[in-house]
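Analysis of the macromolecular model
Residues per chain, in single letters:
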Amino acid sequence: MVERWASGLRGYGLIVAMWIRATMVYRTSFIINTLGNFLVTGLDFVALLLMFSHIHALGGFGLPEIALLYGATCSSFGLADLLLGNADRIGQRVRDGSFDILLLRPVPVLAQAAADRFAPRRLGRIVQGLLVLGWGISRVDVNWTIGKALFTVVMVISGAAIFSAVFIAGAAFQFWAAEASEVSNSFTYGGCTLLQYPPTVFARELVRGVTFVVPLAFVNWLPALRLLGREDPLGLPGWVSCCGPLVAVAALTAAGLIWRAGLRSYRSTGS
Amino acid sequence: MREDQAAFIELHEVCKVFEVHRRTGLLRRERREVRAVDGLSFTVPRGEMVGYIGPNGAGKSTTVKMLTGILTPSSGRLRVAGIDPSRERTRLARRIGVVFGQRTTLWWDLPLGDSFALVRRMYRIPDARYHVNLERCVQLLDLGGLLEVPVRQLSLGQRMRGDIAAALLHDPDVLYLDEPTIGLDVVSKAKVREVLRKVNAEQGTTVLLTTHDLTDIEQLCKRVMVIDQGRLVYDGALAGLHAVGESERMLVVDLEREFPPIEDLPGARPVRVEGPRQWLAFPAGQSAAPLVAALAERYPLADLSVREPDIEQVIARMYGSAP
């Protein structure tokens, strides 16, 4: 088990390092692409800014608070997208048959799939998210302590882990339905957009869904509500909002199991 | 781990059944079982070079996929170098090399040399070993000027040579080649065959070769296995296959002017005449040389060529069914 993990991480590192080197051959192109990624993903925040030129609060949240939510989810999602975002090309590989090639190499398939065409330009989204998060933190009405700062860091990291789990599960479903990448996109990219807004603007059923079914609420909603000292719309006990890391571990474990089941199904059907 | 020299690759009653769904109505589906490989048993000793042939859809690729651990057999026992491929796919991966003629195992966007460097790290090839092997592959396969070129810019022949090099860098004990000469020109084909012969002779690499080109088999393999509809239908020497299949080669001659069909040549019969060009069929087991000599004595020859029977024809003749 430990050996597999080590082998996976090592293989992942090798492939990623090679793609970074390949990208850096065209340095200007890398800079332009990263800048482009920064600007395009930042348009979502510009939309929020435009909205706030007409209103003062959205679902009871002011602009700095929204910036905190937005920055946290963007940073988490950006990290997961950078590290695992290409795993959803699995479906295409299954369809054109090139997936078999991954099975021939002595490196765990998930590591290869995740590292495939690693795109450093996706740093753009992370930088953008972190900038907005920083601005939000500096403006919200919160008494910052070391504890709260650490809580924020843990929030971003476990958020990234939760998004990663969704990416892995989404990729795994493509073993059964090779065309399913759009469905998983609605949870990853769609989830990221959802979490940019406060939970109070959505229907309770939706909030319940992203809390208990696909645990996206633990990416930023629940922990950020605690940071901001607000009630959560579902009225859950306070300790729930601290469960981010546990939820992340559980989600990753579940995603890993789904991936294994998917891979096993592929290897016995050869679809 | 026991490694039986006499049975380096070993299959015993291996089956692979696929379930195929066919939509028959809006919601109704018909389920059908397809037995791609149906009770296949054979062994290949270490160091042997075997041709594995059969018509399209006979189960060749499915067999290779099971031997590499990509697919799990539905039933039966399968071992490669003492390893059960589907259970220990990653461990086996270090000991086998695979070349697909129709699909590259290299990284499309990377220069060939970078692909090799990545293979080196993935397979943990020791430095000294890697440099010796790379040097040898570059020399044998004429890759000197190509290491800086991205794989997608390589011609088919160059890419194939690159793929073969990548499959050999980690000194595999077994090499599977699926149509390694498909689409290549004569020079590239000859090069590929020469390299395979060398690797087999010098390194003792066990080679399983899938091909549609009987010349590949003729020049490389003493033993050939024929699979049809998932079953092994022939296992032996190529000459024997020709005898069983009563296959014929074709001598195509261009005479200096038109002649009536050449009937007076022992062992050959005319099958087609088109102006000064005639097609003469003769048994595949027979040498073409005396035929050509006899022909040149009696007729003014302008040009000639010999065409090999293709596998579909040989197998079709074996079973009397149309291809």
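About the criteria used
Residues numbered from 1 in each chain as written. Chains lettered and ligands numbered in written order. Predicted model: local features only at pLDDT ≥ 70, side-chain atom pairs only at ≥ 80, totals over all residues. Heavy atoms only, no water. Helix = DSSP H or I, 4+ residues; strand = E, 2+ residues; numbered from the N terminus. Buried < 20%, exposed > 50% of the residue type's maximum accessible area, 1.4 Å probe, protein only. Contact = heavy atoms within 4.5 Å. Areas by Shrake-Rupley, 256 points an atom, 1.4 Å probe, with all protein chains shown as cover. Lys, Arg positive; Asp, Glu negative; His and termini not counted. Charge placed at Lys NZ, Arg CZ, Asp CG, Glu CD. Buried area = accessible area lost by both parts, 1.4 Å probe. Salt bridge = Lys/Arg side-chain N within 4 Å of Asp/Glu carboxyl O. Polar contact = N/O pair within 3.5 Å; in protein donor to acceptor, adjacent residues only side chain to side chain. Phe/Tyr/Trp six-rings, centres within 6.5 Å; stacked < 30°, edge-to-face > 60°. Domains from an automatic or database assignment. Axes fitted to C-alpha atoms, helices over the stretch in contact; angles between N-to-C directions. Parallel < 35°, antiparallel > 145°, perpendicular 65-115°, else oblique. Left-handed = near helix turned anticlockwise from the far one by under 90°. Pairing = 2+ DSSP bridges. pLDDT = per-residue confidence, 0-100. Core = buried A, V, L, I, M, F, W, Y, C linked by side-chain atoms within 4.5 Å. Disulfide = S-S within 2.5 Å.

Let's shift gears to the overall build of chain B. Looking only at helices and strands, chain B has ten helices and 13 strands in total. Taking all 323 residues of chain B together, the buried fraction comes to 51%. At a minimum sequence separation of 6, the contacts of chain B that also span at least 24 residues come to 69%. On chain B, roughly 15000 Å² of surface is accessible, and the fraction owed to carbon and sulfur atoms is 48%. Positive and negative charge centroids in chain B, built from 44 and 43 side chains respectively, lie 7 Å apart.

Turning our eyes to something else, we now look at the environment of F30(A). All names here are of chain A. Checked against the element boundaries, F30 lands in helix 2 (residues 27-52). The spatial distance from the C-alpha of F30 to the C-alpha of F118 is 12 Å, given a sequence separation of 88 residues. Sequence-distant contacts of F30, defined by excluding residues within four places in its chain, comprise T23, M24, P120 and R121.

Contact residues are listed per partner, giving 27 residues for chain A and 28 residues for chain B. Summing both partners gives a buried area of about 2500 Å² for chain A against chain B, and 58% of it is carried by carbon and sulfur. In terms of surface lost to chain B, no three residues of chain A exceed L104(A), P106(A) and R267(A), which account for 29% of the buried area on that side. Where chain A touches chain B, the interface holds two salt bridges. Between K65(B) and D100(A) there is a salt bridge, with its nearest N and O atoms 3.1 Å apart. Counting across the interface, chain A meets chain B through ten residue pairs in polar contact (both at pLDDT 80 or more).

All names here are of chain A. One pass over the structure, following the stated rule, counts twelve aromatic pairs over all chains. Taken together, a centroid distance of 5.0 Å and an interplanar angle of 85° make the contact between F77 and F163 edge-to-face. Here F163 lies in helix 8 (residues 146-173) and F77 lies in helix 3 (residues 63-84), a separation of 86 residues in the sequence. Under the relative-accessibility criterion, F77 is labelled buried at 0%.

When its domains are assigned, chain B resolves into domain 1 (9-243) and domain 2 (246-319). Taken over C-alpha atoms, the centre of domain 1 of chain B sits 34 Å from the centre of domain 2 of chain B.

Glancing now at the packing of helix 4 (residues 127-141) of chain B against helix 5 (residues 156-168) of chain B. Residues and elements named next belong to chain B. Between helix 4 and helix 5, the least distance of the axes is 10 Å, while the angle of their chain directions is 155°. One element, helix 4, and the other, helix 5, form an angle in the roughly antiparallel class. When you trace helix 4 past helix 5, the crossing you get is right-handed. Packed against helix 4, whose contacting residues are N133, C137 and L141, the element helix 5 presents R161, I164, A165 and L168 at the interface.

Moving on, we come to the sheet that holds strand 8 (residues 223-228) of chain B. All names here are of chain B. Taken in spatial order, the six strands line up as 5-6-7-3-8-9 in an open sheet, and their pairing is mixed. The open sheet is flanked by strand 5 (96-100) and strand 9 (231-236), the only strands paired with a single partner. Between one strand axis and the next, the sheet turns through 15° on average, direction left out of account. Here strand 3 (residues 49-53) pairs with strand 7 (residues 206-210) via four bridges, running parallel. Residue pairing in the sheet places M49 in a bridge with V207 of strand 7. Packed on one face of the sheet, helix 1 (residues 60-68) meets strand 3, strand 5, strand 6 (174-178), strand 7 and strand 8 and runs near 150° to strand 6. In the packing of helix 5 onto the sheet, the strands contacted are strand 5 and strand 6, and the crossing angle to strand 5 comes to about 165°.

Bringing the side chain of N133(B) into the picture now. All names here are of chain B. For N133, the position within the fold is in helix 4. Classification of N133 by relative accessible area gives buried; the value is 1%. Among the polar contacts made by the side chain of N133, one reaches the side chain of D171 at a distance of 3.1 Å.

This part takes up the confidence of the model for chain A. Per-residue confidence for chain A averages 90 on the pLDDT scale, and 99% of its residues sit at or above 70. When mean pLDDT is compared element by element in chain A, helix 7 (residues 123-139) of chain A scores highest at 95, while helix 10 (residues 204-213) of chain A scores lowest at 82.

Nonpolar side chains tend toward joint burial in soluble globular proteins. With 163 residues, the main nonpolar core has F99(A), L216(A), W259(A), I9(B), V80(B), F116(B) and Y176(B) as its most contacted residues. Sequence-distant contacts of I9(B), defined by excluding residues within four places in its chain, comprise F42(B), T43(B), V44(B), L67(B), R79(B), V80(B), V174(B), Y176(B) and T206(B). Residues L265(B), A268(B), F282(B) and L291(B) belong to the second largest nonpolar core, which totals 14 residues.

On to unusual backbone geometry, then. Here the phi dihedral of R117(A) falls at roughly 55°; this positive angle occurs in a residue that is not glycine. Turning to its location among the elements, R117(A) is positioned in the loop between helix 6 (109-115) and helix 7. Phi angles above zero are rare outside glycine, and E13(B) is one such case at about 50°. Classification of E13(B) as partly exposed rests on a relative accessible area of 44%.

To continue, consider the state of the cysteines. Disulfides are covalent bonds that link the sulfur atoms of two cysteine residues. Residues and elements named next belong to chain A. Within this structure, the stated rule accounts for zero disulfides over all chains. Just so you know, C192 is unpaired, no disulfide at all, and the nearest cysteine sulfur is the one on C74, 4.8 Å from it. Residue classification places C192 among the buried positions, given a relative accessible area of 3%. The thiol sulfur of C242 is not disulfide-bonded, and the nearest other cysteine sulfur, from C243, lies at 6.9 Å. By relative accessible area, C242 is classed as partly exposed at 39%.

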